[in-house]
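Summary of the model geometry
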Amino acid sequence: MPEFILELKSIDKAFPGVKALDNVGFQLKKGEIHALMGENGAGKSTFIKIITGVHEPDAGEIILDGSPVRFRTPKDAQKQAIAAIYQHGAIYPWLSVTENIFMGHEEVAGPLKTIKWKAMHSKAEELLRGLGSDLDPRIEVSGLTVAEQQVVEIAKAISQNARILVMDEPTASLSRRECDELYRIAEKLRDDGVSIIFISHRMEDMQRLASRVTVFRDGKLIGTWGVGDISNHDLISAMVGREINQIYPARNRAIGEEVFRAQGLSRKGFFKDISFKLHKGEILGFSGLVGAGRTDVMQSIFGVEPLDSGKMFLEGKEVQVRKPLDAMKLGIGLLPEDRHKQGLVLDWEIFKNITLSDLGQFAKYSVMKPKKERAKAKALGELLALKAPTVFDKASSMSGGNQQKIVICKLLNTDLKVLILDEPTKGVDVGVKSQLYEIISDLAGQGYGVILISSDMPEILGMCDRIATMREGRITGEFIGSEATQEQLLQASMSQAGGAYEKVLN
Amino acid sequence: MTEQAHRSLQSERPFSAKRFFLQWEWMLAIIFIVVNMANASLSPNYLVFDSIMSAIQMFCDKAILVFPMMLVILLGDIDISVASIMALSAVSMGVSFNAGLPIGAAILVAILVGGACGLANGLLLIKFKELSSMVVTLVGQIVFRGIASIILQDQAAGGFPSWFQYLGWGYVGKIPFILLIVIAEAIVFGFVIHFTRFGRSVYAIGNNETAARYSGIKTKSVRLLAFVIMGLFSGVAAIFLASKMGSVRPSVAKGYEMDVIAMVVLGGVSNNGGKGRVMGVVIATFIVGLLRYGLGIVNVPSQTIMIIVGALLIIAVIIPNLKSSLSGFRMFKKIAGKGQ
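Residues numbered from 1 in each chain as written. Chains lettered and ligands numbered in written order. Predicted model: local features only at pLDDT ≥ 70, side-chain atom pairs only at ≥ 80, totals over all residues. Heavy atoms only, no water.

**Details of the overall build of chain A**
Operational definition: By the criteria applied, helices consist of DSSP H or I runs no shorter than four residues and strands consist of E runs no shorter than two, each listed in order from the N terminus. The globule rule used here is 2.2 Å times the number of residues to the 0.38 power, and the radius of gyration it is set against is calculated over C-alpha atoms. Only protein chains enter the accessibility calculation, which uses a 1.4 Å probe. A residue is then buried if its area is under 20% of the maximum for its type, exposed if over 50%, and partly exposed in between. We call two residues in contact whenever any of their non-hydrogen atoms come within 4.5 Å of each other. Here the accessible surface of atoms and residues is derived via Shrake-Rupley with a 1.4 Å probe, and residues count as covered only by protein chains that are part of the display. Charge convention: Lys and Arg are scored as positive, Asp and Glu as negative, and His as well as the terminal groups of each chain are ignored. To locate a charge, the coordinates of NZ of Lys, CZ of Arg, CG of Asp or CD of Glu are taken.
When its secondary structure is counted, chain A shows 17 helices and 24 strands. For chain A, whose C-alpha radius of gyration is 25 Å, the value lies close to the compact-globule estimate of 23 Å for 506 residues. Structurally, chain A occupies a C-alpha span of about 75 × 55 × 45 Å along its principal axes. A total of 506 residues make up chain A; the buried ones form 55% of that total. When contacts within chain A are restricted to residue pairs at least 6 apart in sequence, long-range pairs at least 24 apart make up 67% of them. By element, 49% of the accessible surface of chain A is carried by carbon and sulfur atoms, the whole surface being about 21,700 Å². One finds the centroid of the 65 positive side-chain charges in chain A at a distance of 5 Å from the centroid of its 67 negative side-chain charges.

The structure is reproduced here in structure tokens:
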């Protein structure tokens, strides 16, 4: 009997332009809960997708119960009793609990493969009771809480006799009490002999449940430790690890008076009591883990999503924003997180994309003046060194970095005071990245107030004058950009806020 | 010079013969010629100016609906209630005229009723984002004609003054009056769709509504306006139909929406929105209209004509996508081959 139920040896996986996993090894003991930790983009998700058969590794070995296996499709992994549950719960929201549990392996009878509803319902009930849940298997899953949906997914895994269960950030959107319930279920499964890989950004999950912890960083394995053998501080250092490169422009801008102020912004279920100030010429960073609510806050400020309460002030005057047009008229611009879906009309020429943010200045009596449009697009594009043969080229034919420049041109086409940049360097290669940093820094130097959301900590530390950290929809800390460390930011992004943080942003 | 010039973001571009000839309108022009040749061989008198004009006069009431429908489809929406709006507008006009309103006021009633129907469609759409235009206008299709039936039962209304039939049947010189209306409409819509800020907003929404909203386009107002315009022109079309028929019934214009949508889609307007030009729609309108006329000459039943128009539509949608369909097929073969 081998010591490890699952072992992965020197796994490599590359996607176009990115080495997602580089010579990664991992061992899972039978009946253990093994925590997997790392920053966003460390390679955890890719790793999980290799275990569950979504991706095939480019190189390396997967050894299950002592013998090598190869998963070409998720079905292959399922057959080997490997199951996964995700943060967002159920896959078929409009079907019943029973249908979700037995999807793909229904109990059928007769030549017409009629579904045996009664047998399935009672078996589902049995599975749920075994997990200590009193859910009615006949109700629709969409009406359940995320925690209850996860229980359904766990029941589904057990119904397939899963020996290895991957839980991908299951506690991310659960309340304290629901977490305790999930811990209880995970421990019960472990005692029944199921091996669990538990991915989480929370220290308390790891400390409460896991016996060992593995850390990934930048697609590489950093190490595996017994949970008792490593301190929180050392663990965070392991996750952060790298040094900041000198690709960031110097911070010697003059910071002027207040240009924007948020006071107690709240949106139920997304963020609560967000207050901050932004000055002219300042770059204010928002750091935090994916899902911390940073994007939601900015979308509400920009008027894409509503606000439940709170006030916003522009240059000291209270303002109301109900739709993006209101924000843009006031001088607030947003570079959205998803440039393909939210930023660009991919099928359109560069110049039409750039001028879309303010058609009014190119229209006389509402008739468009294309020559004027193209001239402005050319001028803005040259300002940012946009690389394209003509302004007629389609946005879809540009590289990620040049597409991002088009979106920035769009913002500059309007008359703005506040620039909100949501992950501006996501999916952009390193060369263009430093150009974008230069551009962002220049814009701040010209007097724009800049808000920079980024999950890339060196970027936040290298660019920002001040940094706010968010966790679970609240601001949990504020730091001076030149003095903060990655450890501090990560600590503030991951620690239980508990209301201990006093607002000192000013 | 070459590399530098190549990378310097030119704001003018040279004429490209390839780009010019790879336009859908050329394909439509060929189909248009084929349809006319077929008609000419079926009826020796077809290629006489007067008979072509009278053939065109037959479908001009539908042609009135084509351009506002193009606007709606460019937005990525659809309106299948237009024929029912026409029925309700026509009935409202007939009833109010018979109740003693002067004919001018009755015409205004028709247009206003059409506009109100479009407004109802549009308001439902923008207030409830769960509703698609397909569902809203399907309900409209049933409800508007239903109201017309309640007003008039299965009676007819009419007895319009004799000059009223000039709208549908009259000529200006040797050209039908209604054709002049359609030409004027095509020019106005061509201008609005291709050269104004409103037209640009329509294309932006049809291509990527989310990005349009993030860019500060008033997406709701534009969609609402498009449906109101659609309604108003349904009212206008109803007036010309009433003029042609001399009286109105709740059952008029049944099935018009299908012909109108077919004309727009054949014209190269993507049913996903955001693509297509007025010129293509103009040619396609004449193709479908004259095809119907030609097949009518040889007594092909109406249902069969619909089948032929349908086949034409499917071909029209497939041809521009032929390349991607084929590569999809190749990929399928590759996967299937790998599996063995």
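**Points about the domain arrangement of chain A**
All names here are of chain A. Condition: An automatic or database domain assignment supplies the start and end points of every domain. Take the accessible area each of two parts loses on contact, using a 1.4 Å probe, and add the two losses: that sum is the buried area. For this document, the term salt bridge refers to a Lys or Arg side-chain nitrogen within 4 Å of an Asp or Glu carboxyl oxygen. Any pair of N or O atoms that falls within 3.5 Å is considered a polar contact. Within protein, one atom must be able to donate a hydrogen and the other to accept it, and sequence-neighbouring residues count only if both atoms are side-chain atoms.
Splitting chain A by domain gives domain 1 (4-240), domain 2 (245-331 + 416-506) and domain 3 (342-415). Contact with domain 2, which involves 17 residues of that partner, is made by 12 residues of domain 3. Across the domain 2 to domain 3 interface the summed buried area is about 1,100 Å²; carbon plus sulfur atoms make up 66%. Considering only the surface of domain 2 that becomes buried against domain 3, Met328, Leu416 and Ile439 emerge as the three largest contributors, covering 38% of it. Along the contact surface separating domain 2 from domain 3 lie zero salt bridges. Seen at the junction of domain 2 and domain 3, the total is three residue pairs in polar contact (both at pLDDT 80 or more). The set of elements that each furnish at least two residues to the side of domain 2 that touches domain 3 consists of strand 21 (418-422) and helix 15 (430-445). The dominant element in the side of domain 2 that touches domain 3, judged by the number of residues it contributes, is helix 15, at five residues.

**Remarks on the nonpolar core**
The following threshold applies: Each nonpolar core is a collection of buried residues, namely Ala, Val, Leu, Ile, Met, Phe, Trp, Tyr and Cys, held together in the definition by side-chain atoms within 4.5 Å.
If you look at the biggest cluster of nonpolar residues, it comprises 104 residues, and the most contacted ones within it are Met70, Met93 and Phe164 of chain B. If you tally residues by element for this core, the top one is helix 4 (residues 49-74) of chain B, at 16 residues. With near-sequence residues (within four places) excluded, Phe164 of chain B lies in contact with Met93, Ile103, Ile107, Ile239, Ala242 and Ser243 of chain B. Core analysis: the next-biggest nonpolar cluster, separate from the first, contains 64 residues, Met37, Ile236, Ile467 and Leu490 of chain A among them.

**A few points about the packing of helix 4 of chain B against helix 14 (residues 278-297) of chain B**
Residues and elements named next belong to chain B. So the rule is basically this: Axis definition: a line fitted to C-alpha atoms, limited for helices to the stretch in contact. Angles are taken between N-to-C directions and run from 0 to 180 degrees. Each angle receives one of four descriptions, namely roughly parallel if under 35 degrees, roughly antiparallel if over 145, roughly perpendicular if within 65 to 115, and oblique otherwise. Less than a right angle of anticlockwise turn of the near helix away from the far helix marks a crossing as left-handed, whereas a clockwise turn marks it as right-handed. Residues are grouped as follows: Ala, Val, Leu, Ile, Met, Phe, Trp, Tyr, Cys and Pro are nonpolar; Asp, Glu, Lys and Arg are charged; all remaining types, including Gly, are polar.
At a minimum axis separation of 9 Å, helix 4 and helix 14 run at an interaxial angle of 135°. One element, helix 4, and the other, helix 14, form an angle in the oblique class. Note on packing geometry: the crossing formed by helix 4 with helix 14 is right-handed. Of helix 14, the residues touching helix 4 (which contributes Ser51, Ala55, Ile56, Phe59, Lys62, Ala63, Val66, Phe67 and Met70) are Val278, Val281, Val282, Thr285, Phe286, Gly289, Leu290, Arg292 and Tyr293. For the contact of helix 4 with helix 14, a count of residues per class yields 13 nonpolar, three polar and two charged.

**A closer look at the environment of Pro57 of chain A**
Mapped onto the fold, Pro57 of chain A is located in the loop between helix 1 (44-51) and strand 4 (59-64). For the pair Pro57 of chain A and Phe71 of chain A, spaced 14 residues apart in sequence, the C-alpha to C-alpha distance is 9.2 Å.

**Let's talk about the pairing of strand 13 (residues 258-267) of chain A**
Residues and elements named next belong to chain A. Let me state the cut-off plainly: Here a strand pair is declared whenever DSSP counts at least two bridges between the two strands.
Summarising burial for strand 13: eight of the 10 residues are buried, a large majority. Both strand 13 and strand 14 (residues 271-279) contribute to a ladder of six bridges, which runs antiparallel. Each bridged residue has a counterpart across the sheet, and for Leu265 the counterpart in strand 14 is Ile274. Between strand 13 and strand 14, which pair antiparallel in sequence order, lie three residues; one of them, Gly269, sits at a positive phi of approximately 85°. Here five bridges tie strand 13 to strand 16 (residues 309-314), and the two strands are oriented antiparallel to one another. When the bridges of strand 16 are listed, Phe260 appears paired with Leu314.

**Some details on the packing of aromatic side chains**
As a reminder of what qualifies: Aromatic rings from Phe, Tyr and Trp, with only the six-membered ring used for Trp, were paired whenever their centres fell within 6.5 Å, and each pair was classed as stacked if the ring planes differed by under 30 degrees, edge-to-face if by over 60, and tilted otherwise. Here, a charge over a ring is recorded when the distance from Lys NZ or Arg CZ to the ring centre is within 6 Å and its angle to the ring normal is within 35 degrees.
As enumerated under the stated definition, the model contains 21 aromatic pairs over all chains in all. Here the aromatic rings of Phe177 of chain B and Phe240 of chain B are separated by 6.4 Å at their centres, their planes lie at 35°, and the arrangement is tilted. In this pair, Phe177 of chain B sits in helix 9 (residues 177-195) while Phe240 of chain B sits in helix 12 (residues 219-245), placing the two residues 63 residues apart along the sequence. What makes Phe240 of chain B buried here is its relative accessible area of 6%. One aromatic cluster in this structure is built from Phe15, Phe20, Phe21 and Trp26 of chain B. Sitting above the plane of the Phe313 of chain A ring, Arg261 of chain A keeps its charged end 4.3 Å from the centroid. The positively charged end of Lys62 of chain B is found above the aromatic ring belonging to Tyr256 of chain B, 5.0 Å away from the centroid.

**A look at a nonpolar patch on the surface**
All names here are of chain B. Basically, it comes down to this: Think of a patch as exposed residues, more than 30% relative accessible area, with no salt bridge, where like charges cluster within 9 Å and nonpolar side chains (Val, Leu, Ile, Met, Phe, Trp, Tyr) cluster within 5 Å.
Side chains of Leu124, Phe128, Leu131, Met134, Val135, Leu138, Val139, Ile142, Val143, Ile147 and Ile151 sit close together on the surface and give an oily, nonpolar patch of about 900 Å² of accessible area. Looking at the nonpolar patch, the element that brings in the most residues is helix 7 (residues 133-152), giving eight residues. Within the fold, Phe128 resides in the loop between helix 6 (103-127) and helix 7. Overall, the relative accessible area of 42% leaves Phe128 in the partly exposed class.

**A look at the environment of Met239 of chain A**
Residues and elements named next belong to chain A. Locating Met239 in the fold gives a position in helix 8 (residues 232-240). Residue classification places Met239 among the buried positions, given a relative accessible area of 2%. Distance from Met239 to Arg217, taken between C-alpha atoms, is 5.9 Å for residues 22 residues apart in sequence. Those residues within four positions of Met239 in sequence are excluded, and the remaining contacts are Met37, Gly38, Glu39, Met203, Val215, Arg217, Leu490 and Met494.

**Points about helix 14 of chain B**
What counts is decided by this rule: One less than the residue count of a helix, multiplied by 1.5 Å, gives the span that helix is expected to have.
The terminal C-alpha atoms of helix 14 of chain B lie 29 Å apart, and with 20 residues this matches the ideal 28 Å at 1.5 Å per residue to within 8%. Following helix 14 of chain B by one or two positions, Asn299 of chain B adopts a phi angle in the positive range, close to 60°.

**Here's the deal with the sheet that holds strand 16 of chain A**
Residue and element names in this part refer to chain A. Pairing within the open sheet is antiparallel, and its four strands lie in the order 14-13-16-17. Each edge of the open sheet carries a strand with a single partner, namely strand 14 and strand 17 (317-319). When the angles between neighbouring strand axes are averaged without regard to direction, this sheet yields 20°. The strands touched by helix 9 (residues 294-302) within the sheet are strand 13, strand 14 and strand 16, with strand 14 carrying the most contacts at an inclination of about 70°.

**As for the environment of Val259 of chain A**
All names here are of chain A. Mapped onto the elements, Val259 comes out in strand 13. On the accessibility criterion, Val259 (1% relative accessible area) is buried. Along the sequence, Val259 and Ser434 sit 175 residues apart, while their C-alpha atoms lie 27 Å from each other. Look past the residues within four positions of Val259 in its chain and what remains in contact with it is Leu278, His279, Lys280, Phe313, Leu314, Glu315, Lys417, Val418 and Gly449.

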